[in-house]
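# Tertiary structure, described
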Amino acid sequence: MTEWSFEERDCPICGEGRLESVPLGQRGGAAHHAGLGVETTLVRCRTCHGVYPSPTPIPRESPYQEHSPDSYFRQHDSAAKVRAGERLALQAERLTGSSGRMLELGCGRGELLRGAANRGWDVAGVDLTESYAAVARSEFGVEVEVAPAESAQALGQGWDCILLAAVLEHVYEPRVLI
């Protein structure tokens, strides 16, 4: 089971002091629809209006390693996600003028990247959890670096498109990542 530490932090988006936040409600634990995670209070920053947990729970290791890929992604339709990746790649092509190199941070099992690869993109992913990365490699042919998104070596390479699909809410240092 994941061990957590709790830190009082300033707003992770704008850096404003935590005394300038407004309590909104609870998240995680008993407040989560499946009882997952640890319970904490959500607050809204008075300066930028960003929402973040206070105190911020920080896992000592990947909190997702407790969940198999099948159980964590049980509500996901893999074929639909591959098609969504194809649509995202098409949108990126319209913006950039062609296919190119695409990186996804928090790629999970790699379905979105598989869709982009189907459209001719050179793809790679980053995920925190080895078992999810293993599925991306074996089932979807996507190479994945296992690392926190904020410190991934892949960020030092050149990319035409970087995806963060449902990822920012899982990042502990969003200003560092962005």
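Coordinates for the structure precede this section.
### Considering the packing of helix 2 (residues 78-96) against helix 3 (residues 111-118)
As a packed pair, helix 2 and helix 3 sit with axes 6 Å apart at the nearest point and diverge in direction by 50 degrees. When the interaxial angle is binned, helix 2 and helix 3 end up oblique. In the packing of helix 2 onto helix 3, the handedness of the crossing is right-handed. For the pair helix 2 and helix 3, the contacting residues are Ser-78, Lys-81, Val-82, Ala-84, Gly-85, Glu-86, Leu-88 and Ala-89 in the first and Glu-111, Leu-112, Arg-114, Gly-115, Ala-116 and Asn-118 in the second. Per-class residue counts for the contact of helix 2 with helix 3 are six nonpolar, four polar and four charged.

### Brief notes about the sheet that holds strand 9 (residues 161-163)
What the four strands build is an open sheet, ordered 8-7-6-9; its pairing is parallel. Taken across any chain shown, the strands that pair with only one partner, and hence form the sheet edges, are strand 8 (144-146) and strand 9. Averaged over all neighbouring strand pairs, the angle between strand axes comes to 20 degrees, with direction disregarded. Both strand 6 (residues 101-105) and strand 9 contribute to a ladder of three bridges, which runs parallel. Note that in strand 9 the partner of Met-102 across the bridge is Cys-161. Across the sheet, helix 3 touches strand 6 and strand 7 (122-127), and the angle it forms with strand 7 is around 170 degrees. Lying over the sheet, helix 4 (residues 130-140) contacts strand 7 and strand 8, oriented at roughly 170 degrees with respect to strand 8.

Parameters at a glance
Residues numbered from 1 in each chain as written. Predicted model: local features only at pLDDT ≥ 70, side-chain atom pairs only at ≥ 80, totals over all residues. Heavy atoms only, no water. Axes fitted to C-alpha atoms, helices over the stretch in contact; angles between N-to-C directions. Helix = DSSP H or I, 4+ residues; strand = E, 2+ residues; numbered from the N terminus. Parallel < 35°, antiparallel > 145°, perpendicular 65-115°, else oblique. Left-handed = near helix turned anticlockwise from the far one by under 90°. Contact = heavy atoms within 4.5 Å. Nonpolar A, V, L, I, M, F, W, Y, C, P; charged D, E, K, R; others polar. Pairing = 2+ DSSP bridges.

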